Amino acid sequence: MSIRSNIEAVQEKIARAATLAGRKPEDVTMVAVTKTVDSAAAREVMQAGVLELGENRVQSFLDKYDVLGDEPNWHIIGHLQTNKVKYVVGKVKLIHSVDSVHLAEEISKKAQALGICQDVLFQFNISGEASKSGEAAESAEAIFEELAKLRGISVQGLMTMAPLMAEEYEIKKVFSGLRELSEKISTRQYPNAEMKYLSMGMSGDFEAAISEGANLVRIGSALFK
Ligand SMILES: *Cc1c(COP(=O)(O)O)cnc(C)c1O
């Protein structure tokens, strides 16, 4: 199987899941997660027409950024250490994995120093698994009141990860939980928070995520098998 045909197969499934959910296929954007492959493979993804590329580690992002530059839209999807913020702000379109107010503050500071505003998503741990990053949904209001003070970021939505090994209904409960949280936050009209994106769903569960409202899905292994 080639990368191109894998991409087409996944995009067809995305379209089908969107249609089944009563949504338009073009409302769901696929981020190709290139963390396990090299720049040459990432370039193949771009040549197949996918310009949204996701990386979970800063070094792996920088290695590819050296080669591919600004042509793709870069997404940081993995836990970001505050001391690595300076390497990504201004270079990436969206940081999905902002999992604490402290990290948001560091991103905001760096963005302001560059005279830009960095788009981010805030990550919640809806499943409650200890192994997952992200804040508890119960803390959302206190968090967004703090985020509202930050001038260097614009919160564009929310991100979560479902448990890897779980029943379909449990997975869907996590995804619908994030959607409900974003609806709640949306009614509060925080000044720098727009609930535009729900980043949820990976190779194993993107169809369930789309059925619960995902409009950004992060797909890795299904493209590179
Ligand atoms: C690796 C990764 C993905 C993609 O996972 P696959 O199962 O390979 O599709 C999505 N999101 C995050 C945060 C990841 O680290």
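Heads up: these notes are all about the structure in this document. (Residues numbered from 1 in each chain as written. Predicted model: local features only at pLDDT ≥ 70, side-chain atom pairs only at ≥ 80, totals over all residues. Heavy atoms only, no water.)

Within helix α6 (residues 140-147) the residues assigned to the buried category are Ala140, Ile143, Phe144 and Leu147. In an axial view of α6, the angular spread of the buried residues amounts to 95°, which keeps them on one side of the axis. In this fold, the buried residues of α6 make contact with α5 (101-114), β5 (118-123), β6 (153-159), α7 (168-188) and β7 (193-199). (Buried < 20%, exposed > 50% of the residue type's maximum accessible area, 1.4 Å probe, protein only. Helix = DSSP H or I, 4+ residues; strand = E, 2+ residues; numbered from the N terminus. Arc of directions from axis to C-beta. Contact = heavy atoms within 4.5 Å.)

Another aspect to go through is the pairing of strand β4 (residues 94-98). Of all five residues making up β4, five are buried, and the element is well covered by its neighbours. Across two bridges, the pairing between strand β3 (residues 73-76) and β4 is parallel. The residue of β4 that forms the bridge with His75 is Leu94. As judged from the two bridges shared by β4 and β5, these two strands associate in the parallel manner. Within β5, the position partnered with Val98 by the bridge is Phe122. In this region the chain leaves β4, passes through α5 and returns to the parallel neighbour β5; the handedness of that crossover is right-handed. (Pairing = 2+ DSSP bridges. Right-handed = clockwise from strand over helix to strand, strands pointing away.)

A word on α7. When the terminal C-alpha atoms of α7 are compared, their 31 Å separation across 21 residues agrees well with the 30 Å that a helix rising 1.5 Å per residue should span. When α7 is considered as a whole, its buried residues turn out to be Ile171, Val174, Phe175, Ser176, Gly177, Leu178, Leu181, Ser182 and Ile185. Elements that come into contact with the buried residues of α7 comprise α6, β6, β7 and α8 (206-211). (Expected span 1.5 Å × (residues − 1).)

Bringing the packing of aromatic side chains into the picture now. Counting across every chain of the model gives five aromatic pairs. Ring geometry for Phe61 versus Trp74: centroids 5.3 Å apart, planes at 75°, classification edge-to-face. With a gap of 13 residues between them, Phe61 in helix α3 (residues 58-68) and Trp74 in strand β3 connect regions that are remote in the sequence. For the pair formed by Phe61 and Trp74, the shared burial category is buried. Aromatic ring contacts, followed pair by pair, group Phe122, Phe124, Phe144 and Tyr190 into a single cluster. Above the ring of Tyr65, the side-chain terminus of Lys91 is found at 5.8 Å from the ring centroid. (Phe/Tyr/Trp six-rings, centres within 6.5 Å; stacked < 30°, edge-to-face > 60°. Lys NZ or Arg CZ within 6 Å of the ring centre and 35° of its normal.)

Our focus in this paragraph is the site of the ligand. The local shell around the ligand consists of Val33, Lys35, Asn56, Ile77, Met161, Met202, Ser203, Arg218, Ile219, Gly220 and Ser221. A distance of 2.5 Å separates an oxygen atom of the ligand from a polar side-chain atom of Ser203. In this structure, Arg218 approaches the ligand through a side-chain N or O atom, which is 2.8 Å from a nitrogen atom. In terms of residue class, the shell around the ligand is built from five nonpolar, four polar and two charged. (Near = heavy atom within 4 Å. Polar contact = N/O pair within 3.5 Å; in protein donor to acceptor, adjacent residues only side chain to side chain. Nonpolar A, V, L, I, M, F, W, Y, C, P; charged D, E, K, R; others polar.)

Now for the environment of Tyr87. Structurally, Tyr87 can be placed in helix α4 (residues 85-88). Exposure remark for Tyr87: the relative accessible area of 35% places this residue in the partly exposed category. Sequence separation between Tyr87 and Lys110 is 23 residues; the distance between their C-alpha atoms is 9.7 Å.

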